[in-house]
Amino acid sequence: MSSTSSVSNFPIPASLSDLEREPHNLQPYPLDFDDEDETARAKSFNKLVRYIETGNRTLIDGGSEIFENVGIKNDDGYCQEEWMNGERIQALYTLVRKQASLASNTRSRFLTALCQALNGLCIVLSDSNEQIQPSSPVSVTRNDNPIAPSLFQKGRVVSQSFRDSLACHIYMLFSVMSMVESEAKAGKKFIAPPTATKKKRSTKDKDIRADYESSLLLRQDCASTMLLVSQIMGKHKFRLWKVGVPDEDVINIPPRIAHQMLEGATGVIMRKAFCADEALGILAAILDSYSSCCISTIVAALMDFLHSYEHAAPLVADLCCLVSETPKNKLAVEILREMGRIECHSVGFDTGNKASGIKNVAPFIEELAIRRPKIVMDNISLVLPHLDSEPYVIRSAVVNAIAHVVSRANESDVKKKISRYSACSPQRGSNFLMNEENSSNNEGHSKNNNSAFILQEESYDTGIQSKQKNRDALLDILIERAHDVSSFTRAAVLKSFAQLTESDSLPLDRVIPVTALAIDRLQDKTVMVRRSSLQLLTLLLENNPFMDSLDPIPYRQKIVELEKMLEENAPERIKLAQKAAKLVQLQKEQQSYEKDNMKADGEVKEQEGTRQIDDKEIEAAALDAAIKDAEYECSDNHDDSKEEVEYKKALRGLQFATSALAFICMFENAHSAFEGMLLSANSSDVTEALRFFVRARHFQLPCAVTGMKRALALMWSSEKSIKDEVLKGFVDVFIAVPGTSGAEYLADDKIAQNLFSLVGNANISEIASIEEAVALLVKQDRLPAEVFMELWSIVSKPCGQGRSVALQVLSMGATTDSNIVNSLSRLRLLLECGLGENAEDNRDWATLRSAASALKKIGRAQASSSPTSAKYILLEQIIDRLCRIAMGEWCLDKNITDTQCWFAAAEQAIDAIFEISAEPEKESAKIIKGMEAMAFGMSGRGVEVSKKTCCSLRLARFFFVVGHIAVKLLVYTEALSISLRRANAAKSLSKQESADKAKSSDNDEAKIKEDSDEDIEAELGLAAQAEAETEKKVADIAENEIVERGLIGLFSPLLVRIVANEGLMHSSSILMQSATLALCKLMCISGVFCEKNLPLLFRALSKAPVKETTLKSNIIIALGDLAFRFPNAVEPYTPMLYACLNDSVTSVRRHTLMVLTHLILNDMVKVKGQVCEIAVCLEDKEPRIRDMSRLLFHELSKRSNNPIYNLLPDIISRMGLMGIEKEKFRNIMSFLFSFVKKDRQNEMLVEKLCQRFPTTESISQKSDFAFCLTQLKLNDKVIKNLNDHFNCYKDSLFDDDVFKSFTSILSKAKKLARSEMKEVIEEWETRLKQENSNGLENMTAEAKSKAAKANAKARKARKGRENSLDDVVKEDTKGTVKLTAPKCIER
């Protein structure tokens, strides 16, 4: 072949099989191929491989000469044969075509030979002076002889023979790799066998594993060789083709196989197995060298790849990083341009493959922004239109890409700002709030403080101005997308801002707007958005540009100080500006005054209340102007005096303090939203809110204190994860060192002080939650014992302040570890300090209450102690002191507050007596008798007084003690009964065990065995009988002994008389409350007494004055307890209890609803139509009442019988009669109908509601029924029922509201109904419209008839008046005066 020939002898075929057609005309096998048996075939294949290897050696030895001198004789008469002859092509074709059936060794040799041939061709193409390093590990030579130097002259194009040889070998390698990729996708080869342990691994598994590893190596060799060929073809394209214009069929071969390789690279392991990195290198090499002729093809293939595979996005982004970026990255720009052309407006996720393709394409934008943010920034306009696209995934991808672009772009800008503004940067924020000598203490603040005070300059370089403008535009887009219709996109925006905040890329002027945005998104309806907003707020706190402390008090003080200083030291130009502004304002006011005076009396004056600019606003405006002026002068580096420098520094300090205070106030104003997250039904909301409050507490935000107290209520949550998170937050805030996540604890005195402060400022419910948390920590041994020693030291101090709180914390710890209190020394300390003379003299009821509460935790200590022991004697003294506290010997009879404080102390004292005393009933009798003497016969000091007088406060205290002791006696009796039953059970169990041992001892003692069996049965019967008798005695004690025949029963008539209050003899509010509460407690003990006095209790409830809200609430709560104790007795009075839901006082309604909720959910009260009263509470003004009623219906809907469905018709009818506003009625019905979910229930409700139309004449009720029908879920049967019951509601269709409701149902039916129901719907629609028009005509005719009758009646009356007037005129004409009838008479 001539070296100058340019006609290719090996055109690239469309497929491998096309080589058997023109112009190649190859055969499946060579003519001398032996195909008689498998052995002959194997030998023939080996022969072909050897032929290829021989040709490779010829190539290595001959170099470029074998391509240059083809067909030309040399001096010796030798003619160079063509290296790439037909025989070699035939051998290659046969081996490639049958490579799948080759033996493993033969296949390996063939692929190695093919790779060697391509490596040799690449070396021939390279310059002789250039040393190339093939990417393939395959050896280029079989020995160490170097390949012959290239004879191609520099700048000369290679021969066509070389190009044909290269094209042929590239195509053969491509065909082999294509077959391998197809097999890999089908799972036939190159799939790793299952792993097995060394013991279980068989010989077969080892062979499979070895074959797999060998295949991976060959595959790697082929990919590396193809990568080398692509690189060499690109590097020497001007030597390979004339003027560098390539043969597109040849250069498109490497990208084709690269695409196939990328399709299987689904993960890290598969990416390596499918040689994805080599495939990306192949594409990059071709694009760098031949982008002008193949970029469109590759881009189209990559877009198809992105649409088809989920794993494509990061691979294509990596490819864009490999492509040369000089002068610009054409591939990335073209892909972004193609993505901008995607039509997404009509695509939803119900459109199948197209939507799935967009879902796969979208992540590419984000992946590219992570790797090459500058490219995305320069071409962001290509993808921004997709923010209005329908698929949320592409909107979210654009949002994430913007975040990455802004984050990376801001890094260099911040460094430039720091270096540019270092000359006039302000001092650290702490210098503005602290003295200069203390400012160095805050130098360890967060990383944001390095750039916290870099103020914006008015003039930047053109490049920086452009970047900032682009950045601000992108941030505006992010803020706008925070209100996207998709929750996924909204969450993506918040996560983007979180990323910017964490990477210190959020500009200072955006901190407050982003904080406001995150707070606003706390009200989002989806969980993921709320969670993301809380995470963003937590990051904003941790990376705030201010200080470690966000306590607003120092900032407010500093603002006042700076404003005063600036006002005194303001420059003359500022003072002149203030004076000028005041003069302008005075002129405006004078003009306005004159204008008002010039108005006429009948003219309307200008709108009143227009806000006038006051002096403070003028001063604020002047300060703003001064700040701007200071910034300008600082940026221009003017030479200022020392006073001016200090003034400007103060201005910047004022700006800093004002911004910090605004930042703090935003969190404080949103405390209700944060606390609302704690009440969320979703556990992730609660968890994130808890974590936020923990971080806020470390920054000393005031809202964190109230938030953590509210969070402690979650200690009673049924979800363990929430409870654990609350406990973790409790430890992080009050016990552990901030930032250590509970790993390192504070000092013992600091922990004690934290607990002391927490309990000292808590209310009753918070104290109960704190006690649960402390008890758990003590149980888990997470609270150091030294903390309680610190608290005991507080108790032992001479000063009594704080003793009650310290004793309260000790009581909390003793809940799970009684040894904290139960020791001789500590009991003596309790007696001397907690119950001693100091508390008596000062009437410190709080300390007495806390000491009694701590004593309750030691158990029945007196009964377990020896009567001669020191502890027993000490406990006697403690019990005597507790009795004196319960009797209230120190209370002031004329001080209501003192008595109210005594109630809590007396309650705890009585509880402690029943816990620690061996005979509490005797101590109780002692207390009652002593108080009786004080109240009725003796003064507090034993002096007799007249029995006709009685102090109301003494009587109130007496009744309180009587009622509480009665309840404690009932509890004590039941506890004794339980102890007795346990003892009997233990005794029976021990006898049973001894009998079992006797049975197994000796088989010969049969008689003894029978006797023992009979004895056991007899004893078991006697035990059951004894247990029944014990329960009977306990019931008799509770029913008769405590209230009827006991000491307490003597005072029940007096209680009844005082509660009845006939003639309003008793005006003391505290006496009535105490007496009523005592009566309720006695009623809880005895069923007979309860039935007898229930009418009295309800009469007291109904006649209670409006201001007596506490009395009403006490009675209602007591009625709930009575309903649990004696449900049959209270059941007839249930309507009276429901009536309290209509009380005018909010607290009474709330307590009534709470009691009814508990009774209904515990099946103590039957759910009937009266529940409509609770349904009305769904629209109550009080949020807690609304929430509680919603909770009740939610819990009812969870029951299997769904009582809401059964009650709905009655609720609708009763609410219609109650005259509730239409808007409220519809809101309530919409909520209740949401619980009707079953099709059968919907169908039945349609029947019931339709049948109620004829039973009412009120059109408003019919309108309500029609609205309720619109709330039902439609199906074929529902539509059919509506059509069948048409006669029930046809007479109501003339009303616009009713017809509108049915029209709404009709429109829904058309959308949801199946084709077979169209006829029924059309018939129903025709009947509806016809009846509506007929009804309107009838209504119009009726209206005209009524009008005609009214007109006729009016004419008749007018005619009668005219006749009577004529008669008067006729009579008057007989006289001297002539009257004239008026022209018209008004009706």
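As the structure is a prediction and not an experimental result, all values here were calculated from the model. (Residues numbered from 1 in each chain as written. Predicted model: local features only at pLDDT ≥ 70, side-chain atom pairs only at ≥ 80, totals over all residues. Heavy atoms only, no water.)

Asks: How do you make sense of the overall build of the chain when you look at a structure like this?
Replies: Tallying secondary structure elements over the chain gives 59 helices and zero strands in all. Sorting the 1387 residues of the chain into buried and exposed places 47% on the buried side. Once local pairs closer than 6 in sequence are excluded, the contacts in the chain between residues at least 24 apart make up 73%. Accessible surface, the chain as shown: approximately 70600 Å² in total, 51% of it carbon and sulfur. (Helix = DSSP H or I, 4+ residues; strand = E, 2+ residues; numbered from the N terminus. Buried < 20%, exposed > 50% of the residue type's maximum accessible area, 1.4 Å probe, protein only. Contact = heavy atoms within 4.5 Å. Areas by Shrake-Rupley, 256 points an atom, 1.4 Å probe, with all protein chains shown as cover.)

Asks: I'm lost on a negative patch on the surface in this one. Help?
Replies: Taken together, the side chains of D34, E36, D37 and E38 define an acidic patch exposed on the protein surface. Its place among the elements puts E38 in helix α1 (residues 38–62). (Patch = residues over 30% accessible without salt bridge, like charges linked within 9 Å, V, L, I, M, F, W, Y side chains within 5 Å. Salt bridge = Lys/Arg side-chain N within 4 Å of Asp/Glu carboxyl O. Lys, Arg positive; Asp, Glu negative; His and termini not counted. Charge placed at Lys NZ, Arg CZ, Asp CG, Glu CD.)

Asks: Got a minute to help me understand the confidence of the model for the chain in this structure?
Replies: Where the model shows low pLDDT, its predicted coordinates should not be examined in detail. Mean pLDDT over the chain: 80, with 78% of residues reaching 70 or higher. Confidence drops under pLDDT 50 across residues 599–613; counting only partners more than four residues distant or on other chains, this segment forms eleven contacts. For the stretch residues 631–637, pLDDT sits under 50, and the model shows twelve contacts to residues farther than four places along the chain or on other chains. (pLDDT = per-residue confidence, 0-100.)

Asks: I keep staring at the side chain of E688 and nothing clicks. Help me out?
Replies: Structurally, E688 is set in helix α28 (residues 683–698). The class for E688 is buried, based on a relative accessible area of 9%. Here the side chain of E688 touches Q535 through a polar contact of 3.3 Å, side chain to side chain. (Polar contact = N/O pair within 3.5 Å; in protein donor to acceptor, adjacent residues only side chain to side chain.)

Asks: I'm lost on the environment of R710 in this one. Help?
Replies: Along the polypeptide, R710 turns up in helix α29 (residues 702–711). In sequence terms R710 and S765 are 55 residues apart; their C-alpha atoms lie 9.6 Å from each other. With near-sequence residues (within four places) excluded, R710 lies in contact with E675 and L678.

Asks: What's the story with the packing of helix α44 (residues 1069–1085) against helix α46 (residues 1109–1125) in this structure? I'm lost.
Replies: A pair of packed helices is captured by two measures, namely the crossing angle of their axes and the spacing between those axes. At a minimum axis distance of 10 Å, the contact between α44 and α46 shows a crossing angle of 0°. Between α44 and α46, the crossing angle belongs to the class labelled roughly parallel. Contacts between α44 and α46 pair M1072, Q1073, T1076, C1080, M1083, C1084 and I1085 from the former with T1110, L1111, I1115, A1118, D1121, L1122 and R1125 from the latter. Within the contact of α44 with α46, the residues separate by chemical class into nine nonpolar, three polar and two charged. (Axes fitted to C-alpha atoms, helices over the stretch in contact; angles between N-to-C directions. Parallel < 35°, antiparallel > 145°, perpendicular 65-115°, else oblique. Nonpolar A, V, L, I, M, F, W, Y, C, P; charged D, E, K, R; others polar.)

Asks: Can you walk me through the pattern of salt bridges in this structure?
Replies: Pairing of side chains with opposite charge becomes possible as their charged atoms draw close. Using the criterion set out here, one finds 53 salt bridges in the structure. Linking D484 and R481 is a salt bridge whose minimum nitrogen-to-oxygen distance equals 2.6 Å. The partner of R691 in a salt bridge is E688, with the nearest N and O atoms 3.4 Å apart. On the criterion of helical spacing, the pair formed by R691 and E688 is a turn pair, its members being three residues apart in helix α28. The partly exposed category is assigned to R691, whose relative accessible area is 42%. Where salt bridges share partners, they join R271, D277, D318, E367 and R371 into one cluster.

Asks: Could you clarify how one ought to interpret empty space enclosed by the protein in this entry?
Replies: Leftover empty space is mapped by rolling, across the atoms, a probe with the size of a water molecule. One pass over the full model with this rule turns up five cavities of 30 Å³ or more. What the largest cavity holds in volume is close to 100 Å³. Looking at the largest cavity, it is lined by 13 residues, and the ones nearest its centre are M177, V180, L218, R219 and C222. Elements with a minimum of two residues in the lining of the largest cavity: α4 (104–125), α5 (160–186) and α6 (203–235). Sorting elements by how many residues they give to the lining of the largest cavity places α6 first, with five residues. Its residues assigned to classes, the lining of the largest cavity comprises nine nonpolar, one polar and three charged. (1 Å grid on protein atoms, 1.4 Å probe; cavity = no way out; pocket = protein on both sides within 12 Å on 5 of 7 lines; lining within 4 Å. Points joined across faces, edges and corners; volume = space filled by probe spheres on them.)

Asks: Would you mind showing me how to read the environment of E889 here?
Replies: Following the sequence through the fold, E889 ends up in the loop between α38 (870–887) and α39 (896–916). Residue classification places E889 among the partly exposed residues on the basis of a relative accessible area of 33%. Here the alpha-carbon distance between E889 and M934, two residues 45 residues apart in the chain, equals 8.6 Å. In this structure E889 touches R884 and M934, once residues within four positions along its chain are discounted. A polar side-chain atom of E889 sits 3.2 Å from a polar atom in the side chain of R884.

Asks: Is there a simple way to think about the packing of aromatic side chains in this case?
Replies: In this description, an aromatic ring pair is defined by two values, namely the gap between the centres and the angle between the planes. In this structure the tally under the stated criterion is 34 aromatic pairs. A ring pair is formed by F1302 and W1324, whose centres lie 6.5 Å apart and whose planes are at 80°; its orientation type is edge-to-face. Placement of the pair is F1302 in helix α58 (residues 1296–1312) and W1324 in helix α59 (residues 1318–1373), with a sequence separation of 22 residues. Its relative accessible area of 0% is what places W1324 among the buried residues. The rings of F546, Y555, F656, F663, F667, F674, F692 and F693 are connected pair by pair, giving a single aromatic cluster. Just above the ring of Y290 sits the side chain of K237; from NZ or CZ to the centre is 5.7 Å. Directly above the aromatic system of F1231 lies the positively charged group of R1190, at a separation of 4.6 Å from the ring centroid. (Phe/Tyr/Trp six-rings, centres within 6.5 Å; stacked < 30°, edge-to-face > 60°. Lys NZ or Arg CZ within 6 Å of the ring centre and 35° of its normal.)

Asks: Quick question: what am I supposed to make of the state of the cysteines here?
Replies: Cysteine pairs can be covalently joined through their sulfur atoms, and such a bond is termed a disulfide. Scanning the model with the defined rule gives zero disulfides in all. Summary of cysteine pairing: C321 is not part of a disulfide, and the nearest cysteine sulfur, belonging to C320, is at 6.9 Å. (Disulfide = S-S within 2.5 Å.)

Asks: Please clarify how the side chain of E181 should be interpreted in this entry.
Replies: Here E181 shows up in helix α5. When residues no more than four places from it in sequence are discounted, the contact partners of E181 are R219, I257, Q260, M261 and F274.

Asks: Explain helix α23 (residues 552–568) to me, please; I cannot follow it from the model alone.
Replies: Structural remark: α-helix, 3.6 residues per turn; residues separated by three or four positions point the same way. Its 17 residues give α23 an end-to-end C-alpha distance of 25 Å, which sits within 8% of 24 Å, the value for a rise of 1.5 Å per residue. Along α23, the positions that sit buried rather than exposed are P552, Y555, K558, I559, L562 and L566. Along α23, the residues classed as buried sweep out an arc of 120° about the axis, all on the same side. In α23, the exposed positions angled more than 90 degrees off the buried face are occupied by Q557, V560, K564, E567 and E568. (Expected span 1.5 Å × (residues − 1). Arc of directions from axis to C-beta.)

Asks: Help me out: how do you make sense of the packing of helix α11 (residues 276–308) against helix α12 (residues 312–322) in this one?
Replies: For the pair α11 and α12, interaxial distance at closest approach is 9 Å and the crossing angle is 125°. By the criterion of interaxial angle, the relationship of α11 to α12 is oblique. Every pair of crossing elements has a handedness; the one defined by α11 and α12 is left-handed. Residues A276, L280, G281, L283, A284, D288, L302, F305 and L306 of α11 form the contact with α12, whose own contacting residues are A312, A313, L315, V316, D318, L319 and L322. (Left-handed = near helix turned anticlockwise from the far one by under 90°.)

Asks: Looking at this structure, I do not really get α1. What am I missing?
Replies: Here α1 contains 25 residues, and its C-alpha end-to-end distance of 36 Å stays within 8% of the 36 Å for a straight helix at 1.5 Å per residue. Phi turns positive one or two residues past the end of α1, at G63, with a value near 65°.

Asks: What exactly am I supposed to notice about unusual backbone geometry here?
Replies: Leaving glycine aside, a negative phi is the common case for residues, and trans is the common case for peptide bonds. The omega torsion across E22 and P23 is 0°, close enough to zero to call that bond cis. Inspection of the secondary structure assignment puts P23 in the segment before α1. One non-glycine residue, N25, lies in positive phi territory at about 55°. Locating N25 in the fold gives a position in the segment before α1. On the basis of relative accessible area, N25 is assigned to the partly exposed category, the value being 39%. In this structure, R843 is a non-glycine residue whose phi angle is positive, near 45°.

Asks: Even after reading the chapter, I still don't get the layout of surface pockets, so can you show me in this structure?
Replies: If you add up the space inside the largest pocket, you get close to 1500 Å³. Considering the residues around the largest pocket, the lining is formed by 29 residues, among which L678, L679, S680, D1187 and L1191 are closest to the centre. Residue assignment for the lining of the largest pocket shows that the elements contributing at least two residues are α27 (671–678), α28, α49 (1146–1161) and α51 (1183–1197). At seven residues, α51 tops the list of elements feeding residues into the lining of the largest pocket. Class assignment for the residues of the lining of the largest pocket results in 13 nonpolar, nine polar and seven charged.

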